[in-house]
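Residue-level structure breakdown
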Amino acid sequence: MEQENLNTPVALIVGVTGMVGVALTEALKKPTTIGGPWTVYGVSRRPLPTWFPSSQLDKYFICDTVNGDTTHKVLSPLSSKITHLFWLAFQVNETEELNVSCNSSMLSNVLNSLTYSPNSKLSHVTLQTGTRHYFGPNFNPTISTKLVPRDPPFREDYPRLPVTNFYYALEDIVAASYSKSFTYSIHRASIIIGASTRSYINGLLMLSVYALICKHENHPFRYYGNRYNWEHFWDASDANLLAEQQIWAATTEKAKNQAFNCTNGDVFTWKLLWRVLCDVFDVEFVAFDEKYKFDCVSFMRDKGEVWDKIVEENGLYETKLEEITCFGVASGILKLEFQHVCSMNKSRELGFLGYANTLVSIKAWVERMRQLKILP
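A brief structural summary. (Residues numbered from 1 in each chain as written. Predicted model: local features only at pLDDT ≥ 70, side-chain atom pairs only at ≥ 80, totals over all residues. Heavy atoms only, no water.)

Strand pairing in a sheet relies on backbone hydrogen bonds. The paired strands run either parallel or antiparallel. Within the open sheet, the seven strands sit side by side as E3-E2-E1-E4-E5-E6-E9. Their pairing is parallel. Each of the sheet's edge strands pairs with one partner strand only, and the pair in question is strand E3 (59–62) and strand E9 (258–262). Put simply, the sheet's adjacent strands are angled 20 degrees from each other on average, direction ignored. Across the face of the sheet, helix H3 (residues 96–114) comes into contact with strand E1 (10–14), strand E4 (84–87) and strand E5 (124–130) while running at roughly 170 degrees to E4. Along the sheet, helix H9 (residues 239–251) makes contact with E4, E5, strand E6 (183–189) and E9, crossing E9 at roughly 160 degrees. (Pairing = 2+ DSSP bridges. Helix = DSSP H or I, 4+ residues; strand = E, 2+ residues; numbered from the N terminus. Axes fitted to C-alpha atoms, helices over the stretch in contact; angles between N-to-C directions. Contact = heavy atoms within 4.5 Å.)

Given below as C-alpha cells:
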C-alpha cells in the first residue's frame, strides 16, 4: 500500500488548470517552498490539457463541484488526507444572483466533503477572489460602465459595496461557517497574468490572439478601450506572485483569517502595456485616436477561422477562439473610468514582500505560452 509521511502537508487545488493553478502547482513542488515538502492533488471539471505540467501533480481528479453527490463521492475519501484547500475555481452565469448560487454551492460542496469525516485534517482554506470586490460585478458589459467603485488605491478594510457580489458570498461561507475547524486566507487579485487556456478570462492570452490575428491579416493592432485607461494607472497580478502569497498566508500564523490584496506592486498605463505587446508580437504601434471609433467585439466576431489557421500552421495546442477570448467583457473593463490600483501595504506590514515587474511579466508569460505551444 502507498506509504505517506504523516507530517507532509497535502494540498488540494480546485481549479488547478487555471492560470494560478498552474503556477501554484509548480510552486508547491519546489523543494525550497515553505511548509514543504508538499503533496499536491488537483481538481478540475475536464481531463488535463496536454500543456499542463501533470508530472507535478501527485494525484488528479475530474469533478464537477456543482454536483453535490459527485463531489462527495470523489472528495470525501480524501478528508483524512487534505490539510490545505486552495480554492481558485469560479463559474460565470447570466446574472450575479446565479453567480452567488452556483459558486456558493461549489465551494460548500467541496468543504462539506473535506470536513465530512471526524478524521478530517483540513487546517487551512485559501480563497482567491478579485478586485471586483471593490467595484462590483463587471462580467456583464452593460453593467461595467455604471459601476461606482471605492476610492483607489483599494484597501482591504474598505466596507463592502451595497450590491450583490458572489465574492462576498464565498468569503462569508469560509469565514462564518467553517472557521471553527480551520483557518483561512482571502486573496484579491487584479488582472491575472499567467499561462492557461482554461481560465474564464486570460487577458494576456486574449490580447496575444488579437495581436496575432491582426498581424496575420495585416490589420492595425488597435487599442479598444477609452482614453482614460490609455493614460491612467492600472495594476496586475502575476500568477507566480499570487501562488507565492497564497503559500505564505497558508503557512504564516499572523496571516491567518485575513484578506489580502495581491498585485505586483507597480502600476502601468495601457499605453505603456500596448507598446510592450507590439514589441513582443512585432506589430506596429498605433496611437490611440479618440476620433476613430473601433469596436473590437465586432472586429473579432468572424475571426474564428483565422485563429484555426494560425493554430494549424504552427502546430499549436488546439483551441477555439470563442473558448479563449471574451472581448465583450474586456471591452467593458477598458471603458471603466477609475484608476484600477490596489494598496499592498497590509501584506508588506505583515511580512510578505513579493513583487513583480508587470511589463517584464508580460514578456515572460508570452514566452511560457510559446513553450507550451499555446502561442506560436
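The rest of the description comes next.
What follows deals with the packing of helix H7 (residues 203–217) against helix H10 (residues 270–281). The N-to-C vectors of H7 and H10 enclose an angle of 55 degrees; their axes lie 11 Å apart at closest approach. Considering the angle they form, H7 stands oblique to H10. H7 and H10 meet at a crossing whose hand is right-handed. For the pair formed by H7 and H10, the contact residues are Leu204, Leu207, Ser208, Tyr210, Ala211, Leu212 and Lys215 on the first element and Trp270, Leu273, Trp274, Leu277 and Phe281 on the second. Of the residues contributing to the contact of H7 with H10, the split by class is 10 nonpolar, one polar and one charged. (Parallel < 35°, antiparallel > 145°, perpendicular 65-115°, else oblique. Left-handed = near helix turned anticlockwise from the far one by under 90°. Nonpolar A, V, L, I, M, F, W, Y, C, P; charged D, E, K, R; others polar.)

The side chains of a regular strand alternate, first on one face of the sheet and then on the other. In terms of burial, E6 is a largely internal element, seven of the seven residues being buried. Here E6 shows no split at all, with Thr183, Ser185, His187 and Ala189 on one side and Tyr184, Ile186 and Arg188 on the other all buried. In this structure, E5 lies alongside E6, joined through seven bridges in parallel fashion. The residue bridging Gln128 from the neighbouring strand is His187, located in E6. (Buried < 20%, exposed > 50% of the residue type's maximum accessible area, 1.4 Å probe, protein only.)

Attention shifts here to the environment of Asn314. Inspection of the secondary structure assignment puts Asn314 in helix H12 (residues 304–314). The class of Asn314 is partly exposed, set by a relative accessible area of 32%. Put simply, Asn314 and Leu375 are 61 residues apart on the chain and 8.5 Å apart in space, counted from C-alpha to C-alpha. Setting aside anything within four residues of it in sequence, one finds Asn314 in contact with Lys373 and Pro376. Within the structure, the side chain of Asn314 is placed 2.8 Å from the backbone oxygen of Ile310, a separation counted as a polar contact. (Polar contact = N/O pair within 3.5 Å; in protein donor to acceptor, adjacent residues only side chain to side chain.)

Right, let's talk about the nonpolar core for a bit. Tyr210, Tyr224, Trp274 and Trp307 are the most contacted members of the largest nonpolar core, which has 124 residues in total. Ranked by residues supplied to this core, first place goes to H7 with 10 residues. With residues near it in sequence (within four places) discarded, Trp307 still touches Val209, Leu212, Ile213, Leu316, Thr319, Lys320, Leu321, Ile324, Ile374 and Leu375. (Core = buried A, V, L, I, M, F, W, Y, C linked by side-chain atoms within 4.5 Å.)

Mapped onto the fold, Thr65 is located in the loop between E3 and helix H2 (68–75). Not counting residues within four places of it along the chain, the set of residues in contact with Thr65 comprises Val14, Thr71, Trp87, Ser105, Met106, Asn109 and Val110.

Structurally, Glu244 is set in helix H9. Apart from residues no more than four positions distant in its own chain, Glu244 is found in contact with Phe352 and Gly354.

Next up on the list: unusual backbone geometry. With an omega of 5 degrees, the peptide bond between Gly36 and Pro37 qualifies as cis. Along the chain, the position of Pro37 falls in the loop between helix H1 (19–28) and strand E2 (39–44). In the segment running from Pro152 into Pro153, the intervening peptide bond is cis, with an omega of 0 degrees. Here Pro153 is to be found in the loop between helix H5 (141–144) and helix H6 (166–177). Of note in this structure, Asn218 is not a glycine but carries a positive phi near 60 degrees. Within the element layout of this structure, Asn218 appears in the loop between H7 and helix H8 (227–231). Overall, Asn218 belongs to the exposed group, its relative accessible area being 70%. With a phi close to 55 degrees, Asn257 is a non-glycine residue in the positive phi region. Tracing the chain through its elements places Asn257 in the loop between H9 and E9.

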